[in-house]
Amino acid sequence: MKPIILSFIFIFCLGFSLSAQQKNDDAEYTKVLTERAEKIVKTLGITDQDAYKRVTDVIVNQYKSLGIIHDGLDADIKKAKETTGSDKSAIEQTINSLKTATDVKLYNLHCEFIGALSAELTLEQVEKVKDGMTYGVVKVTYDSYCDMIPTLKDFEKRQLMAWLVEAREHAMDAPSSNKKHEWFGKYKGRFNNYLSKQGYNIQKERQEWEKRLKAER
């Protein structure tokens, strides 16, 4: 089982006066995000067309807002490096401060997004939106571990799911496909360490799993 890896395009045109090309770029950008959002919304079973559009708009606006925040951070970091001078310590401190401020913005945006979704959707549908925004990695990873290590105990499976869901909350706000998968990679590393302490030989379990997969082909 392999997670579906999609690339994210973040293009946002800012300014009070937009050129014809900028307007076209913004329209194309919105079109890309709308198509992406609709792929998620189509899985929710919404029959009311007005509700369908409202949920689609909520997701599109979330993608746009995330793009603005992350693009803003990149621009601020670039400016900090250009204006702070050669003092590496000062640059690092400035960048850390910028990232901390960005984390606050992302947290607030995340809460607003979940609130907006919850006003339109059931808890199960909200979960589907989260999975849609993160390529279904939670289920893919959970099923893979359970298949790789059939002897996992129930409490170990619960811990795996808890960390994957936590990773998903972070990954939802990441700026790109690679960054989203980095969050899951971080938590998978945490789970591997946890299993090692529980007495599992992860490398051996993986090798045996790969042998079983080859035998099934």
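A brief look at the structure comes next. If you're wondering where the values come from, they're calculated on a predicted model, not measured in any experiment.

**What to know about the packing of helix 5 (residues 137–148) against helix 7 (residues 177–197)**
- At a minimum axis separation of 12 Å, helix 5 and helix 7 run at an interaxial angle of 25°. Our classification of the angle between helix 5 and helix 7 gives roughly parallel. Judged by the twist between their axes, the crossing of helix 5 over helix 7 is right-handed. Contact residues: helix 5 offers Val137, Val138, Thr141 and Tyr145, while helix 7 offers His181, Phe184, Lys188, Phe191, Asn192 and Leu195.
- Looking at the contact of helix 5 with helix 7 residue by residue, the classes come out as six nonpolar, three polar and one charged.

**Some details on the side chain of Thr102**
- With respect to the secondary-structure elements, Thr102 resides in helix 3 (residues 88–118).
- The contacts of Thr102, once residues within four sequence positions are left out, are Ile69 and Leu73.

**Side note on the nonpolar core**
- By size, the foremost hydrophobic cluster in this structure holds 22 residues, and its most contacted members are Ile46, Val55, Ile59, Phe113, Leu117, Leu121 and Val129.
- Secondary-structure elements contributing two or more residues to this core are helix 1 (20–41), helix 2 (49–83), helix 3 and helix 4 (123–133).
- When residues in this core are grouped by element, the largest group, seven residues, is from helix 2.
- Formed by 20 residues, the second largest nonpolar core is a distinct cluster that contains Val138, Phe184, Phe191 and Ile202.

**Quick word on unusual backbone geometry**
- The phi angle at Tyr135 is positive, at roughly 65°, despite the residue not being glycine.
- Relative to the elements of secondary structure, Tyr135 occurs in the loop between helix 4 and helix 5.

**Here we look at the pattern of salt bridges**
- On inspection of all chains with the given rule, the structure shows nine salt bridges.
- With a closest N to O distance of 2.8 Å, Asp57 and Lys53 form a salt bridge. With Asp57 and Lys53 both in helix 2 and four residues apart, the pair spans about one turn of that helix.
- Looking at Asp57, the relative accessible area reads 31%, which means it is partly exposed.
- One salt bridge in this structure joins Glu182 and Lys179, with 3.7 Å as the shortest N-O distance. One end of the pair is Glu182 and the other is Lys179, both in helix 7 and three residues apart, which spans about a single turn.
- By relative accessible area, which is 47% here, Glu182 ends up partly exposed.
- Each member of the salt-bridge network shares a partner with another, and the members are Glu127, Lys130, Asp131, Arg168 and Glu169.

Calculation criteria
- Residues numbered from 1 in each chain as written.
- Predicted model: local features only at pLDDT ≥ 70, side-chain atom pairs only at ≥ 80, totals over all residues.
- Heavy atoms only, no water.
- Axes fitted to C-alpha atoms, helices over the stretch in contact; angles between N-to-C directions.
- Helix = DSSP H or I, 4+ residues; strand = E, 2+ residues; numbered from the N terminus.
- Parallel < 35°, antiparallel > 145°, perpendicular 65-115°, else oblique.
- Left-handed = near helix turned anticlockwise from the far one by under 90°.
- Contact = heavy atoms within 4.5 Å.
- Nonpolar A, V, L, I, M, F, W, Y, C, P; charged D, E, K, R; others polar.
- Core = buried A, V, L, I, M, F, W, Y, C linked by side-chain atoms within 4.5 Å.
- Buried < 20%, exposed > 50% of the residue type's maximum accessible area, 1.4 Å probe, protein only.
- Salt bridge = Lys/Arg side-chain N within 4 Å of Asp/Glu carboxyl O.

By themselves these figures say nothing about function.
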